[in-house]
Each structure stands twice: as structure tokens, then as C-alpha cells.
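Notes for the structure review
Spelled out from the first residue to the last, the chains are:
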Amino acid sequence: VYRQQMNIVYNKLKDDSYESSRDLLDDLLLVQNSLMEHKGKRVAMGEVQRLIRKVRLFGLHLVPLEVREDAGLHAAALEEIFDYYEVAENYTTLTEDEKQALLTREICNKRPLFPNEISVFTETTQSIIRTWQMIGQAHQKYDNIVIDTVIASMSKQPSDVLAMLLLAKEVGIDNDVYIVPLFETIDDLYNSPDVMSTLFNNKEYRRHLVARSGKRGLRQQVMIGYSDSSKDGGYLASNWNLYNSQRLLTERCVQEGVSLELFHGRGGSIGRGGGPTNRAILSQPSESLHGGVKITEQGEVIAYRYSNKSIAHRHLNQVLNAVLVGMGIQEKDDVPQSYFETMAELSELGRKAYRNFVYESDGFIEYWQQATPISELGMMQISSRPAKRKSKGGFAAMRAI
């Protein structure tokens, strides 16, 4: 009877007739429970349990994906769409309060946002629309676990996050994805607690948060960027503002009754937040770990941390150790206020010196372009992103990575 049942499972997998991994898991659990009741514990907790564990971990999709897009491109696309419907002219020139009011109204609007024929828009806006439509189609076909997070890089204001919520609502996935701002520059990290407070007090965003979080209590992911903050203000100002923003974001979320999961956009080099992950996690404010932690592993880091099985095991053990230790610390770090004041002053001095040298020195960009192979690297088809965010522009347009 077990062989017959597993043949049914095999053929359903072969014919791609399982609608979700939950259906496959139900069939396997039926087999396991029956084995447990009929003296088959060794098989039930052996091969069958290992298969169940794989299904729970990988499902039918292998890994969940995230979609990340520049907040500026979302805004530009909405400007075209709003102009098409004659809802608003020059959306990007509106004040922040006007943007929030307009986006909130549109989130409530039952009218479709995307027209049937999107060729009336520029190629960039068409690309934004197609991306969101693809996420919606993936959810319908494979379940919402396949793409569980949407991120707006270079988030600066609450409107950048509300724009994502509007686009998600348009394709019917507003309650099925995490809407995540990515704060990257020094100023954006500094302003991030106020941005999140404004969102938590927006009725439509609050509704989304309640629906997405379920019975576990309100949860919010916030991503913080190491590369661009370092490029923006130098190493010291970047690291201090990253530390301080985590501390203040955690405090603000506690006040708002929201559990914060910080998402660290770390890179390989020290300047991009790299280094020993165990020590990096434990160096964060201890209270910032209580909502869990999420970390990117980028580029060359994947090769030298995971290509060797023993090194991969050791790295994962160290990450797990740091998170458990950090989450187990219940009391806040007892750091004198004078330390924070001193670090704030030092980071500002460092930021000014860095900005003066990199952004305000005549000829720096020409020197930098000639002294480094940046032009040649930009032509090589080996990276995950272009060398520049924009086709034109000086040092500010360069990707920090």
C-alpha cells in the first residue's frame, strides 16, 4: 500500500499536477502518519522524514526570490500612469504630503491602474508594469512563497513605500508580499525612523501590515545598505549611521507595536559591510536582533563561503551562534550618552572630510576614472548590475559595488 501511494505521488510530480508544495506535503504526511501507526517508525523517521524536510525547505520552487527596483523608477512610472488617466500632472514634482495623499486615495480606488495596452508608455514604465504583472502571475501559478519580498532601493520618503503598495494592490498581491524600503544614503538612514512612523500611521499601509503579518503580530522588514552609505559619506559616517539607525528604528517600532526584522545589505569588502559575520552581527545593538535578522550574501562572498562544505558549515554555525546569543540578550546595551555624542561628532567630521575630498575636489572624478579600470569593468558582462544607476552623471551616479 505504501509503494502504491508513493507511486501516486511520483506520477503527480512527473505530471506537474500538484498545485502547491502544501498538497505534496499532505500526501507525504499521510504516508508518515500511517507508518507511525503500523510499526513503521524507522522508515517514517528516516527516508520519509528526510523527504518531508526537503519539501518543507525547498517546496516545488527551490528558493523564494525577491524583486528589487529603484524607487525613482517606480515614481517615474507612476508619473506616466497618473498623467495617462489625468489624475495628476508631474507627480514627481508634488510635495511629499501631496504624494502620500494621492497614493493613499489610489490604493483605495477600485479602478484598474494598468491599462490593457501598455505600449502607450515608455519602455522603462512598460518594464516596471511587466515586472509587477510577472510577480502576480508567479503567485497564481506557484503560490505566494515563490516571491515573498519586494524592495525599493534608494527609498527616501513614505511615498516610495506607498508606491510599491499601490503597484502590489494592482496585481492582487498586496497582502502576499513584504513591502520593504531600502535606506542607503546617510541622510536616508538618519530619517528612516520618521519614515516608518509615518507609514505605520497611514491607514492603508497599516491595513496591509495587519493582513500580511497574520496572527503573529505586526511585522516589518527594513533593509539597510552598506555600500551606498559608505560611498555617500565615508567609512566612519556610514558605520555609525547604520548602527544608530538600527537602534532608533528598533525603538520606534517598539513604540508603534511592530516587530522589526532588519535586512542587512552587506557586501564582500569591509567598506561594503563585509568581514566576519559572527562579529558583525554581535556588534549591532542587541535590541535590534529581537525581531530576527536577514543578511544578503553577495557576489564573490558566495564562492569563498559556500564552495567548500566544511567552511560553509562553519560559517552557518557562526551565524546561528551570533543570532542566538544576540537574541538572548534581554537588556539594552548600557552605553553612556557621551559615547553617542562623541561618535556622532566624529562621524560628522569624517563625513565632511570625505565629501570634501571626493565630491568637492576639482578633477577628482577625472582622476578616479583614469586611475581605476571602471570604464573597462562597466563593459564586462560579468556583474549582477550596471556600473552606473544612470547613463550620465559623475561619482554620485556610480554603483557603490
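The text that follows walks through the structure, step by step, so that each part is easy to find.

Rules behind the numbers
For every chain, the first residue of the written sequence is number 1, and numbering continues from 1 along that sequence. pLDDT decides what is reported in this predicted model: residues at 70 or higher carry local features, side-chain atom pairs at 80 or more are listed and counted, and totals for whole chains, interfaces and linings draw on all residues regardless. Where side-chain values are given, they derive from all heavy atoms of the structure, hydrogens and water being excluded. Under the scheme used here, helices are H or I runs from DSSP no shorter than 4 residues and strands are E runs no shorter than 2 residues, and both carry numbers assigned from the N terminus. Atoms counted for the radius of gyration: C-alpha only. Globule rule: 2.2 Å times the number of residues to the power 0.38. The buried label goes to any residue with under 20% of its type's maximum accessible area, the exposed label to any with over 50%, and the partly exposed label to all in between, with areas taken from a 1.4 Å probe on protein chains only. By definition, residues are in contact when any of their heavy atoms lie within 4.5 Å. Under the convention used here, a 1.4 Å probe and the Shrake-Rupley method define accessible areas, while residue burial counts only the protein chains that appear. In this charge count, Lys and Arg are treated as positive and Asp and Glu as negative; neither His nor the chain ends contribute. A charged residue contributes its charge at one atom only: NZ of Lys, CZ of Arg, CG of Asp or CD of Glu. Two strands are counted as paired when DSSP detects at least two bridges linking them. The convention used is that axes are lines fitted to C-alpha atoms, helices contributing only their stretch in contact, and that angles between N-to-C directions extend from 0 to 180 degrees.

Some details on the overall build of the protein chain
- Within the protein chain, the secondary structure is distributed over 18 helices and 6 strands.
- Whereas a compact globule of 401 residues would reach a radius of gyration of roughly 21 Å, the protein chain reaches 24 Å, a difference of no more than 12%.
- By principal-axis analysis of the C-alpha atoms, the protein chain measures approximately 80 × 55 × 50 Å.
- For the protein chain, with 401 residues in total, the buried portion stands at 45%.
- In the protein chain, once contacts between residues fewer than 6 apart in sequence are set aside, the share between residues at least 24 apart is 73%.
- Accessible surface, the protein chain as shown: approximately 22,400 Å² in total, 52% of it carbon and sulfur.
- Placing the 47 positive and 51 negative side-chain charges of the protein chain at their respective mean positions leaves the two points 9 Å apart.

Here we look at the environment of Arg-56
- Mapped onto the elements of the fold, Arg-56 is located in helix H4 (residues 47–58).
- For the pair formed by Arg-56 and Arg-22, sequence separation is 34 residues and the distance between their alpha carbons is 8.5 Å.

Description of the sheet that holds strand E4 (residues 219–225)
- Ordered in space as E1-E2-E3-E4-E5-E6, the 6 strands form an open sheet in which the pairing is parallel. With one partner strand each, in any of the chains shown, strand E1 (65–70) and strand E6 (293–295) form the two edges of the open sheet. Pairwise comparison of adjacent strand axes, ignoring direction, gives a mean angle of 25° for this sheet.
- Running over the sheet, helix H7 (residues 123–142) touches E1 and strand E2 (147–153) and is turned about 160° from E2.
- In the packing of helix H12 (residues 235–255) onto the sheet, the strands contacted are E4 and strand E5 (259–265), and the crossing angle to E5 comes to about 160°.

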